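# Structural features, examined
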Amino acid sequence: MEPAKALAHAQRQPAGRDQYQAVRSALHGWAYTDADNMRQWVRSLTDGELRTKANQALAPYLYAQDPPSAFAQAVSDGAITDHQCMMGIYTAWASTDPLKALAEIDRHTEGQVRQSGRMQIAANWANHDPAAAWAWASRQPLNESSTLAQVILGSWAQQDPVTAASKVAQMPAGQLRANAINSVANTWAQQDGMAALTWLKSLPLGSSQAHLFANIVNHIAAKDPELALQVSKDLPAGQVRTNAMSNAVRIIAQTDADRAMRVLEGFPEGQQKTQAMQQLLGTLAQSDPEKALSFIDQLPASPQGNQILAQTIGRLALKEPEAAIEYVQTMPEGARQYQTLSQIASTLARQDPELASVFASALPRGQYFNNATQQIAWQYAQQDPVGAAQR
């Protein structure tokens, strides 16, 4: 059916949602098959709802062909605040005449709409000519140029991270510069983690940016976990270094669990080692239960060791409850066994409260029993509030 006839047919439908959808589909179909003729037809319409709908359907097909006209139409239709519509126009316009686009944005918009438009032009301009976009941004008022610089550097770093990094030094100190460092460092790390790390170490970073080191090492670990492990050891002592090393160990464990465990044994005793061990054994409990159990047997009988054991067996119970039961039955009766049973019951409560109750019933009355039954009761309440109230 010809587009105009399809539209006429849609308009004859009874008023309501079906008619609205039919008209919309006919307009979009016309725009897709013959945008030029539809554009001529739209110009013959008087202002009104149909003309507005037609222009909205036509707009995406005008972006690449004639972004200035698409922009003028958006202004005429009051669609200048439609972010999705304007983003398409700005993307096309920034690749052909970004300065003209900026001038029209300044002329026809204000406030947040103006700022958003300028940002979108800058970001898309930087995709194909970051140096020109940077030169323009540098001429803008200081309160805007730093924000624009951050947007441009994100695109520039994808194309030329070395040059983008050199431009960061030109930004005034403050949060925007810190954000720009974050953007360049993370983008660069996806291409060359070691180069990004070397650059980052050359900068005077604040304590709030310490997480960047761990982020970059994580990128390195995805390609070379052994290198990431060595690099992690050079990071400042503390949670950042521990997190980076733990992530490297986790990736190493995917191919060599024994090597990962040997590395963890070299961690200094404390909460950070406990957390790393929990992460490793918890992962192994899902991917290689037999290996996880063999490592559990090597854990020391200490509060930290008991905690790791209980959480690992709890995760194992989600995958292989029979293996978890069998292991607990071999444990000497006492606090360690009770803690493990309680953890299994709490973990299983999320998917099988009935089975969790069986584990909990094996516990002597006291702290561990109370912890397990509270978790089970809470899960019952989430799944079946009425039934839980009757228990």
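Placed above this text is the structure.
This structure is a prediction, so every number in the text was calculated from the model and none was measured. (Residues numbered from 1 in each chain as written. Predicted model: local features only at pLDDT ≥ 70, side-chain atom pairs only at ≥ 80, totals over all residues. Heavy atoms only, no water.)

Along the chain, Ser232 turns up in helix H15 (residues 225-232). Of note is the side chain of Ser232, whose polar atom sits 2.6 Å from the backbone oxygen of Ala228. Once residues within four sequence positions are removed from consideration, Ser232 is found in contact with Val217, Arg241, Ala244 and Met245. (Helix = DSSP H or I, 4+ residues; strand = E, 2+ residues; numbered from the N terminus. Polar contact = N/O pair within 3.5 Å; in protein donor to acceptor, adjacent residues only side chain to side chain. Contact = heavy atoms within 4.5 Å.)

One broad rule of soluble globular proteins: the nonpolar side chains tend to lie buried together. Among the nonpolar cores identified, the biggest contains 101 residues, and Leu153, Val184, Trp199 and Ile313 are the most heavily contacted of them. For Trp199, the contacting residues outside a window of four places in its chain are Ala165, Val168, Ile181, Val184, Ala185 and Trp188. In this structure, Leu7, Val23, Ala35 and Leu58 belong to the second largest nonpolar core, which totals 13 residues. (Core = buried A, V, L, I, M, F, W, Y, C linked by side-chain atoms within 4.5 Å. Buried < 20%, exposed > 50% of the residue type's maximum accessible area, 1.4 Å probe, protein only.)

This next bit is on the packing of aromatic side chains. For the structure shown, the criterion picks out six aromatic pairs. Their ring planes at 40° and their centres at 6.4 Å tell us that Phe71 and Tyr90 sit as a pair that is tilted. Here Tyr90 lies in helix H6 (residues 83-94) and Phe71 lies in helix H5 (residues 67-77), a separation of 19 residues in the sequence. There is no split in this pair, since Phe71 and Tyr90 are both buried. Their ring planes at 40° and their centres at 6.0 Å tell us that Trp125 and Trp136 sit as a pair that is tilted. Of this pair, Trp125 sits in helix H8 (residues 111-128) while Trp136 sits in helix H9 (residues 130-138), and the two are 11 residues apart along the sequence. Put simply, the rings of Phe71, Tyr90 and Trp93 touch in pairs and so form one group of aromatic residues. (Phe/Tyr/Trp six-rings, centres within 6.5 Å; stacked < 30°, edge-to-face > 60°.)

It is the contact of helix H16 (residues 239-253) with helix H17 (residues 257-265), at a shortest axis distance of 7 Å, that shows an interaxial angle of 155°. One element, H16, and the other, H17, form an angle in the roughly antiparallel class. H17 is crossed by H16, and the crossing has left-handed handedness. Listed contacts from H17 to Val249, Ile252 and Ala253 of H16 are Ala257, Arg259, Ala260, Val263 and Leu264. Across the contact of H16 with H17, the residue classes break down as seven nonpolar, no polar and one charged. (Axes fitted to C-alpha atoms, helices over the stretch in contact; angles between N-to-C directions. Parallel < 35°, antiparallel > 145°, perpendicular 65-115°, else oblique. Left-handed = near helix turned anticlockwise from the far one by under 90°. Nonpolar A, V, L, I, M, F, W, Y, C, P; charged D, E, K, R; others polar.)

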